[in-house]
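# Coordinate inspection notes
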Amino acid sequence: MLSTPHLLQAIQQTTTAILKTNLVGIYLHGSYALGSYNEQVSDLDYLIVVRRPLTLAEKQQLMIATITQLWPLAPHKGLEFHVLLLSATQHFVHPCRLISTSQNIIMNVINRHHRST
């Protein structure tokens, strides 16, 4: 595992490369934002805010990059992120609508990755 600053830079670069102009921002929350983060016992929580819903290809690219590029840099408990539409954050209604990364997409990406390695 590498240091958290390197991971944060990788998250920013990877997400920007995939989502391009659709990306509004990446926001840290959880233990890191509250000052109690520890690489040995924490996960890293973040939100990705986008202008429009993700396409299937964007979802797949995001999951592949997370598994192959980001997860190896992750803290002990891994990564947790959610994708939110900008419009859902501007006029907040509880619960906030998340963009789903379907379990089937995730499993297909994981299976494809394991077959290619």
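Refer to the structure above for everything that follows.
Another aspect to go through is the overall build of the chain. Counting its secondary structure elements, the chain contains five helices and four strands. In the chain, which comprises 117 residues, the share counted as buried stands at 37%. For the chain, the share of sequence-separated contacts (at least 6 apart) that also reach a separation of at least 24 residues comes to 69%. Counting only carbon and sulfur atoms, one obtains 56% of the accessible surface of the chain, whose full area is about 7,100 Å².

With that settled, the discussion passes to the pairing of strand E3 (residues 79–85). Within E3, five of the seven residues are buried, which leaves it mostly tucked inside the rest of the structure. With seven bridges connecting them, strand E2 (residues 44–50) and E3 associate as parallel partners. Residue Val 50 lies in a different strand from E3, and its bridge partner there is Leu 85. Note that the unit made of E2, helix H3 (residues 56–70) and E3 has a crossover that is right-handed.

On to the packing of aromatic side chains. Overall, the coordinates contain two aromatic pairs when judged by the stated rule. Ring geometry for Tyr 46 and Phe 81: centres 5.2 Å apart, planes at 15°, overall stacked. Of this pair, Tyr 46 sits in strand E2 while Phe 81 is found in strand E3, placing the two residues 35 residues apart along the sequence. For the residue pair Tyr 46 and Phe 81, the accessibility class agrees, reading buried in each case.

With that out of the way, let us pick up the pattern of salt bridges. This structure, assessed with the given rule, holds one salt bridge. Note that Arg 52 is salt-bridged to Glu 58, the shortest N-O span being 2.8 Å. With a relative accessible area of 37%, Arg 52 lands in the partly exposed category. For Glu 58, a relative accessible area of 9% puts it in the buried group.

Along the polypeptide, Leu 7 turns up in helix H1 (residues 4–19). With 65 residues separating them in the primary sequence, Leu 7 and Pro 72 have C-alpha atoms 9.2 Å apart. Each residue touching Leu 7, except ones within four places of it in the same chain, is listed here: Leu 44, Leu 70, Leu 73, Ala 74, Pro 75 and Leu 79.

A word on unusual backbone geometry. Backbone geometry at Lys 20 places phi at a positive 50°, although glycine is not the residue there. By secondary structure assignment, the location of Lys 20 is in the loop between H1 and strand E1 (23–29).

Within the secondary structure, Thr 15 is located in helix H1. There is a polar contact of 2.7 Å between the side chain of Thr 15 and the backbone oxygen of Ile 11. Leave out the neighbours within four places in its chain, and Thr 15 touches Lys 20, Leu 23, Ile 26, Ile 48 and Leu 62.

Basis of the calculations
The written sequence of each chain sets the order in which its residues are numbered from 1. Note on the predicted model: pLDDT of at least 70 is required for a residue's local features to be given, and 80 or more for side-chain atom pairs to be given and counted; whole-chain, interface and lining totals, by contrast, use all residues. Excluding hydrogens and water, the side-chain figures rest on all heavy atoms present in the structure. Secondary structure is summarised from DSSP: a helix means a run of H or I of at least four residues, a strand means a run of E of at least two, and numbering begins at the N terminus for each. Using a 1.4 Å probe on the protein chains alone, a residue whose accessible area is under 20% of its type maximum counts as buried, one over 50% counts as exposed, and one in between counts as partly exposed. Here, residues are in contact when the closest pair of their heavy atoms is within 4.5 Å. The protein chains shown are the only cover counted for residues, whose accessible areas, like all others here, come from Shrake-Rupley with a 1.4 Å probe. Pairing between strands is defined by DSSP: at least two bridges between them are needed. Handedness of a crossover is defined as follows: with both strands directed away from the viewer, a clockwise route from the first strand across the helix to the second makes it right-handed. Ring pairs are drawn from Phe, Tyr and Trp, using the six-membered ring of Trp, whenever the two centres fall within 6.5 Å, and their geometry is named by plane angle: stacked under 30 degrees, edge-to-face over 60, tilted for the rest. A pairing counts as a salt bridge when a side-chain nitrogen of Lys or Arg comes within 4 Å of a carboxyl oxygen of Asp or Glu. Contacts described as polar in this section are N or O atom pairs within 3.5 Å, which, within protein, must combine one atom able to donate a hydrogen with one able to accept it, while residues neighboring in sequence count only if both atoms come from side chains.

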